[in-house]
Amino acid sequence: MTASGWSAVPEPPPAATREAYGPALVKLADAGYDIVALDADLSASTGGNKLAASHPDRWFTVGAAEQNMISIAAGLASTGKTVYAASFAVFMPGHCFDQIRVQIAQQRMNVKLVASHGGISVGEDGASAQAIEDLALMTSLPGMNVVVPSDAVEADQAIRRAAEDDEPWYIRLGRPKLPIVHLLDPSVEPKHQRSFELGRAEVIHLEDDVTLIACGLMLEPTIRAADLLAQAGIGARVLNMATIKPLDEAEVIQAAEETGAIVCAEEHNVIGGLGSAVARTLARHCPVPMEQVGIEDRFGQSGTWTALLEEYGLTAESVVAAAKRAIARK
Amino acid sequence: MTTSASTAAETEALLEVCKRIRRHIVEMTHAAQSGHPGGSLSATEIFAALYFGGVARHDPADPQWDRRDRVILSKGHATPVVYATLAEAGYFSTDLIPTFRSLGTELQGHVVRNKPPGVEMSGGALGMGLSFAVGVALGHQLDGLAEDEGQIFVVVGDGELNEGQNWEAIMSASHFGLHRITAIVDRNHFQNDGPGDEIMRIDPVGDKWAAFGWGVQYVNGHDVEAVRDALLLARARTDAPQVMICETVKGRGVSFMAENPAGWHGKGPSDEQLSQALEEIDGGLT
């Protein structure tokens, strides 16, 4: 058993967060939710094709036309539907930011944007296919909920939770198969099984020397970083900050007050994502030393996703080093 | 083309409402000393026919009526004609008109959904209205509305057709067989920077829509009865989405605007110009 206390449970096979989308839509439709899902010629990759197979009247593809898709989503929502729109994160919001801005955010439409293939972990397709700026775009829109699930279990919960309100959401999913962090096993400590809550951090370790705040694919290596720090006698608090907006400011402030040093880890440009949101909170309420692990303002490139994470420093070792730097600055 | 006989009284009433709409347009752009009078005056007969010609089924007392027809302004800067029409139709008091574009008003510079009630879609960023209409039409299909319920009329600028998203929407409306959609192109030949033929040629614009699978009508956009009849014909069609290319003049009804359309895309008249404009409007179209 590691310091985190949950690896003793038999591990489920790795799964990509994007794999949660199709089955979640089918569950919603089966449960009678008035949902409609749209795709833009990528339904096999987003998983929208699963809804197309099970509920063909509830799914439309618009072809490779993301701007059209977003405005159609707004029109559908104006008739009372809960609309899901899916594409890759480079195309949505990348190809249709103004449609999202005017027709989804300004009109406060009940549209859930579910973007697959976020970040550099897309891998071999290279820079044009790797969204490192989508969270900056989406968090800048008033009223937009922005969520980055850390594994397929949390992704499923977030996608289905989005159907419970009539607000616009952006949910960023990823391509690679990742370890399941949220083990749904009754023998596991309850704190590791909490359901996704919009705007609430999940506290994974409650230690006091430093706080590690992560989202998405960086949560699992951040938990490993806490284990490595524990071996060095450093107690690291770990927060899973799946919701970037609205940010759980209370939990961030409490962590800053109790641990005095913060590290943020994300698969996004260090400008405009989780780290920026946390830094804004710290600067206003409780300035403490803070370090970031993320993409240092450069574009991606081709490579296997694991090689890219190494190249861009998105590793447990980087989080450990950042934690030590932050603690040294206390 | 005339498909319905109208009485002299009905015709007279339509001509009078066009005058009132034009008066509101110049008065509100004068009050705000900004706004878009030219492209509002060119669309006056289109809006008068939609709301007062027995075309759009709507209820000012119940703006959210779920079987209503929807009138969508895609060329979202032409707010004066929308606010003038909605006020005349009873959606809000004409007393609000002088607040156009001022801080805190419901009468925003570009259309904002439900502000005031009756505005169906936020706009101002060009090219989005037809796509929105496709979404509405799909929703109405899913809800099982009767064929003649929930029609969607989208007013599009000719310069606006430069935006590529329109053609994505035009393609998808016919692909999905959305006969509830009628697009009305305000073909006033001028866009922000000047004559459309010089900025970006769109002709043969009707042929393009036809090639995308739409039914096409060509209409004199300042003959309010002809516009009404074409709208009623389009409304009744159930085989394909319909478009009306409405030949119009930017600034129509106010001579100094119509003679210098590029100069009157986006500004309000002076006190003296307002007086002249109102006098000409009261005289009717010549």
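Anyway, here's the lowdown on the structure attached to this text.

1. What to know about the nonpolar core
Part 1 of the reasoning: Counting residues in each nonpolar core, the largest one holds 85 residues, and the members touching the most others are Ile100, Leu113, Ile262 and Val278 of chain A together with Ile181 and Trp209 of chain B.
Part 2 of the reasoning: Discounting chain neighbours no more than four positions away, the residues touching Ile262 of chain A are Thr211, Ile213, Ala255, Ala256, Val278, Leu282, Val288, Pro289, Met290, Glu291 and Ala326 of chain A.
Part 3 of the reasoning: Phe92, Val155, Ala226 and Leu274 of chain B belong to the second largest nonpolar core, which has 53 residues in total.

2. Digging into the interface of chain B and chain A
Part 1 of the reasoning: With 22 residues of chain B at the contact, the number on the chain A side is 21 residues.
Part 2 of the reasoning: When chain B packs against chain A, close to 1,900 Å² is buried across both sides, 61% of that on carbon and sulfur atoms.
Part 3 of the reasoning: Ranking the residues of chain B by area buried against chain A places Met128, Leu142 and Glu168 of chain B at the top, with a combined share of 29%.
Part 4 of the reasoning: Where chain B meets chain A, there are one salt bridge.
Part 5 of the reasoning: With its nearest N and O atoms 2.4 Å apart, the salt bridge here joins Asp143 of chain B to Lys81 of chain A.
Part 6 of the reasoning: Inspection of the chain B/chain A interface yields nine residue pairs in polar contact (both at pLDDT 80 or more).

3. Describing the sheet that holds strand 9 (residues 236–240) of chain A
Residues and elements named next belong to chain A.
Part 1 of the reasoning: Taken together, the five strands give an open sheet; going across it, the order is 7-9-8-11-12, and neighbouring strands pair in mixed fashion. The open sheet terminates on both sides in strands that have one partner only, identified here as strand 7 (202–205) and strand 12 (290–295). Going from strand to strand, the sheet's axes swing by 20 degrees on average, the running direction of each strand aside.
Part 2 of the reasoning: For strand 8 (residues 210–214) and strand 9, the ladder comprises five bridges, and the chain directions are parallel. For Thr211, the partnering residue across the bridge sits in strand 9 and is Arg237.
Part 3 of the reasoning: Against the sheet, helix 10 (residues 274–285) makes contact with strand 8, strand 11 (262–269) and strand 12, and its axis sits at roughly 145 degrees relative to strand 11, the strand it touches most.

4. Remarks on the pattern of salt bridges
Part 1 of the reasoning: In total, this model carries 36 salt bridges over all chains according to the counting rule given.
Part 2 of the reasoning: Between Asp165 of chain A and Lys112 of chain A there is a salt bridge; the shortest N-O distance is 3.0 Å. Remark: Lys112 of chain A occurs in strand 4 (residues 111–116) and Asp165 of chain A occurs in the loop between helix 7 (152–162) and strand 6 (169–172); sequence separation between them is 53 residues.
Part 3 of the reasoning: Lys112 of chain A gets classed as buried once you look at its relative accessible area, which sits at 0%.
Part 4 of the reasoning: With a shortest N-O distance of 3.4 Å, Glu16 of chain B and Lys19 of chain B are connected by a salt bridge. You can see Glu16 of chain B and its partner Lys19 of chain B sitting in helix 1 (residues 8–32), three residues apart, about one turn around the helix.
Part 5 of the reasoning: Given a relative accessible area of 22%, Lys19 of chain B falls into the partly exposed group.
Part 6 of the reasoning: One salt-bridge network, held together by shared partners, links Asp34, Asp57, Arg58 and Lys81 of chain A together with Asp143 of chain B.

Calculation rules
Residues numbered from 1 in each chain as written. Chains lettered and ligands numbered in written order. Predicted model: local features only at pLDDT ≥ 70, side-chain atom pairs only at ≥ 80, totals over all residues. Heavy atoms only, no water. Core = buried A, V, L, I, M, F, W, Y, C linked by side-chain atoms within 4.5 Å. Buried < 20%, exposed > 50% of the residue type's maximum accessible area, 1.4 Å probe, protein only. Contact = heavy atoms within 4.5 Å. Buried area = accessible area lost by both parts, 1.4 Å probe. Salt bridge = Lys/Arg side-chain N within 4 Å of Asp/Glu carboxyl O. Polar contact = N/O pair within 3.5 Å; in protein donor to acceptor, adjacent residues only side chain to side chain. Pairing = 2+ DSSP bridges. Helix = DSSP H or I, 4+ residues; strand = E, 2+ residues; numbered from the N terminus. Axes fitted to C-alpha atoms, helices over the stretch in contact; angles between N-to-C directions.

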